[in-house]
Every structure is written in C-alpha cells, then in structure tokens.
Amino acid sequence: MRNEKIYLCLAHMSGREQKFIQEAFDTNWVVPLGPNVNGFEADLSGFLGGRPVVALSAGTAAIHISLLHCGVSYGDEVICQSFTFCATANPIKYLGATPVFVDSEQDSWNMDPDLLETAIKNRIAKTGRKPKAIILVYLYGMPAKIDEIQTIARRYETPLIEDAAEALGSRFNGLACGTLGDYGILSFNGNKMITTSGGGALVCPNEEVKKQVMFYATQAREPHPYYQHEKIGFNYRMSNICAGIGRGQMTVLSDHIEHHRHTFELYRELLAGIDGVKLHSEPSGRYYSNYWLNAIELAPTLRIKGESFAYEGTPRSSCEPNANVEALRLIMNAEGIETRPLWKPLHLQPVFADCPKYENGISESLFKTGLCLPSGPCVSDEDIRYIVNLIKTNIE
Ligand SMILES: *Cc1c(COP(=O)(O)O)cnc(C)c1O
C-alpha cells in the first residue's frame, strides 16, 4: 500500500492564480464580471486562434445556452453522441427537447459519421422534421472524425455543437477542437485540463453570436436604463474570482498538455507487449489529443486475479463493466490508485431509456472493456511505472 493516493486527474495550480484573485479583491471586482473575466476570455480566444469566447459558470451552462441559441425548444429533437457524460445531454432535457443518441466508431470512440447520417434521415422520415442541432463530443480529449461530421451537418444545414469539455488543447488537422463547429463548449471543472474551481465557456463563431450569448447569460436584460425583459434569460456568467484562477491556469495550460501527452507516451512504452491490454491512441497523424485521460481496453479473455469475486456485495445492473475490469479497478483502489470505467453510454442509462437511439454496439462494448488510468499533471513517471507493474503482476 502506497502512502499517497494517485488520482485520475487532480487540479494543479501554477502559483499565479492568487495574484489575479488578490487583484480582484484589491479593486473590489468581486462580481460576475470584471478584468479577470475579460482577461480570461482574451487568453482563451488567443489560445484557440481568435474565435470570441464567453466565460460561463459551467460547461453544462455553455451547452444549455448553445442549444437555446440554436432555437431548440419543447418537442424538438437534438442529435447527441451517446458515449459521453450526462452533462452533454441534460441541457436538451432542460429545454423540453428529446435527445436522439448516436453511437461511436472504433477509431476515435466518438460519433460515427455514417450512423449520424442514418439517424438524421430516419428522424426526418419518422417525424417530418430535421433535428435542431448535433452535439459531438471529443471523449477523453480525442478529436472526432470532424471533417466527415461537418460535411453531414452542412448537408442537412444543422448547427454543430462541439462538446470540447475534455478537449482543450486537442487539434484535428492542426485546428483547435472547439473552433470547428458552430459552437464550442469548454469546461474548467476541477478535474479537466485546467480548472477555475468550476466553470465553463462557450466558443462563438463571431462577435454577434457572442453578444447574444452574453445577453442570455446575464438574465436577458434589454438595453434600457431600468430592468426591461422580453426573453427568459439565465444567470450563467463566470465570477471574476473564478476567472482569476483561470488566468493563472492559462499560464500552465501548455505545460499541462505536454504532461498529459508525456503520460500517454510512457503508458504506451510500458504497456507495449502486454497481450490483452490496449491503450486508446490517436487513429492517425491528423489527430492530436490532449490525452486528458488515458484509457485502456481489457480483452474479455484476459484473466485478472480475483475477478470471480469482483462484483460481490455491489449493486448489479443489466449492463456493467466486465468482471476483469472491475477486478483491476478494485486492485488499484486497494493500492490507493483511482481508476474508473469509461462513460456508460447514455442510451443505456435508465433516465434516457425512452429516447430514440442509433446504436452499433461499439460504445457498449467499450464501456464493458475499458478503464481510465491516472493521467493529470500530478501523476509522475514513477506512478505510471507502479500502475503498469500492478497491471502486469495481476494478470493470471
Ligand atoms: C465535464 C463535462 C461536461 C460538463 O462540464 P461542467 O463544467 O462540469 O458543467 C460536459 N461534457 C463533457 C463531455 C464533460 O466531460
């Protein structure tokens, strides 16, 4: 048993965050707007190649506002990648619309372009109406087949929302993820590439959209000297204190990306040659992943010590990770190492059981065989050697 726990992805401070927070206190900008919010937005925009950015209270809020801006409302359908965290789809429900789940392809683990087109055609045939938007996710930081997805989105003139919550710093063909669709979503929750202790951003295609997003994010206040309201708005802006943390974090974002990618390289080197363990990797040179979390797949035939007892005393469900995956998770946990199964596809979540879905079995199979390994800036080379050694010594 080790003394220190190794976490999946811990927040890591640059040491410069407090200076920005102190400035906010010194100048009494302790409100959800101010110099840190503007500065953080400018930093993000610069990093992403120039698109306007609105800092918000959460990535979930950014998804909500992007859907609202697409005109999604009660009774509409929105296409959503099934293999993701619930936060991608929940805002569809907030608006009284229905998510239509589309499965993944094996290369990037993100939305399958062929299945996307099948889904759009089928929804039009069934309901007589086009889906109002498409939400694509870059799972674990891996870019999707964005060129093919974009072509389909344009063919059906449907807005494309990129959920890049996990993909800050990832690129496809050299272009920043989050700037390739009509809207890009970022998250600065505690465990993402950078943190603001909780926060998000919406990357907008132009200044006009940014203005409209700001309007909805600040209670839809009309430009009168008094409070005049003609639309329903939200209180979704980021606090100037949180944005101060964000500005400090931006000074180490490139270091974080480099470290996550280094972590991947070391896992790759050390896991090479272990039969039945496959590390999720960029499908080709066009993909540049930030490797937010490294993930492995365990072959169903791989035997892990203790797997016959893996689920003893825990609640069971009709779809869960294979026993060898759970056994490895328990072994790691006993050693103070945090690992986690991949996202359970949303089309398999009881809460979304009634939603239409277009599946090919890929995300379900990945959920059953996959495990995320510690990857953040706080994970050392020594930690990775220890983790890989544990995997090796517990294969039967
Ligand atoms: C974290 C995350 C979100 C939500 O971001 P919050 O800032 O936590 O609201 C959305 N989508 C994905 C894929 C995420 O991982």
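Residues numbered from 1 in each chain as written. Predicted model: local features only at pLDDT ≥ 70, side-chain atom pairs only at ≥ 80, totals over all residues. Heavy atoms only, no water.

Trainee: Looking at this structure, how should I read the pattern of salt bridges?
Mentor: Any two side chains of opposite charge can pair if their charged atoms end up close together. Applying the stated criterion across every chain yields a total of 19 salt bridges. Here arginine 155 and glutamate 117 are joined by a salt bridge, their closest N and O atoms 2.8 Å apart. With arginine 155 in helix H6 (residues 146-155) and glutamate 117 in helix H5 (residues 113-127), the pair connects residues that are 38 residues apart, well separated along the chain. A residue is classified by how much of its surface remains accessible, and arginine 155, at 48% relative accessible area, is partly exposed. Each of Glu41, Lys210 and Arg237 takes part in one network of salt bridges that share partners. (Salt bridge = Lys/Arg side-chain N within 4 Å of Asp/Glu carboxyl O. Helix = DSSP H or I, 4+ residues; strand = E, 2+ residues; numbered from the N terminus. Buried < 20%, exposed > 50% of the residue type's maximum accessible area, 1.4 Å probe, protein only.)

Trainee: Would you explain the side chain of threonine 263 in this entry?
Mentor: Looking at the element boundaries, threonine 263 is found in helix H9 (residues 253-271). For threonine 263, a relative accessible area of 0% translates into the label buried. Filtering out sequence-adjacent residues up to four positions away, threonine 263 remains in contact with Asn294, Pro374, Ser375 and Ile384. (Contact = heavy atoms within 4.5 Å.)

Trainee: Before we go on, may I ask you to explain the nonpolar core in this structure?
Mentor: Considering soluble globular proteins, one finds that nonpolar side chains tend to be buried as a cluster. Judged by nonpolar contacts, the single largest core of 60 residues is most densely connected at Phe40, Ile79, Tyr138, Tyr140, Leu186 and Phe188. When residues no more than four places from it in sequence are discounted, the contact partners of leucine 186 are Leu44, Leu48, Gly59, Ala164, Ala165, Leu168, Gly200, Ala201 and Val203. Counting 35 residues, the second largest nonpolar core, distinct from the first, contains Val54, Ala89, Ala217 and Leu346. (Core = buried A, V, L, I, M, F, W, Y, C linked by side-chain atoms within 4.5 Å.)

Trainee: Sorry if this is basic, but what is going on with the site of the ligand here?
Mentor: In the vicinity of the ligand there are 15 residues, among which Thr60, Asp163, Glu166, Ser187 and Lys192 approach most closely. Here an oxygen atom of the ligand sits 2.8 Å away from a polar atom, N or O, in the side chain of asparagine 189. Between lysine 192 and the ligand, the recorded distance is 3.1 Å, taken from a side-chain N or O atom to an oxygen atom. Each residue belonging to the shell around the ligand can be placed in one class, and the counts come to five nonpolar, seven polar and three charged. (Near = heavy atom within 4 Å. Polar contact = N/O pair within 3.5 Å; in protein donor to acceptor, adjacent residues only side chain to side chain. Nonpolar A, V, L, I, M, F, W, Y, C, P; charged D, E, K, R; others polar.)

Trainee: Explain a nonpolar patch on the surface to me, please; I cannot follow it from the model alone.
Mentor: Together, Trp29, Val31 and Leu33 make up an exposed nonpolar region whose accessible area comes to about 250 Å². Looking at the secondary structure, you find valine 31 in the loop between helix H1 (17-26) and helix H2 (35-47). A relative accessible area of 32% means that valine 31 is categorised as partly exposed. (Patch = residues over 30% accessible without salt bridge, like charges linked within 9 Å, V, L, I, M, F, W, Y side chains within 5 Å. Areas by Shrake-Rupley, 256 points an atom, 1.4 Å probe, with all protein chains shown as cover.)

Trainee: How should the packing of H5 against H6 be read in this particular structure?
Mentor: Between two packed helices, both the angle of their axes relative to each other and the distance between the axes serve to describe the pair. Where H5 contacts H6, the axes come no closer than 9 Å and their chain directions differ by 15°. With respect to H6, the element H5 is oriented roughly parallel. The handedness of the crossing between H5 and H6 comes out as right-handed. Residues Pro113, Leu116, Glu117 and Ile120 of H5 touch H6, and the partners they reach there are Glu148, Ile149, Ile152 and Arg155. Looking at side-chain class alone, the contact of H5 with H6 contains five nonpolar, no polar and three charged residues. (Axes fitted to C-alpha atoms, helices over the stretch in contact; angles between N-to-C directions. Parallel < 35°, antiparallel > 145°, perpendicular 65-115°, else oblique. Left-handed = near helix turned anticlockwise from the far one by under 90°.)

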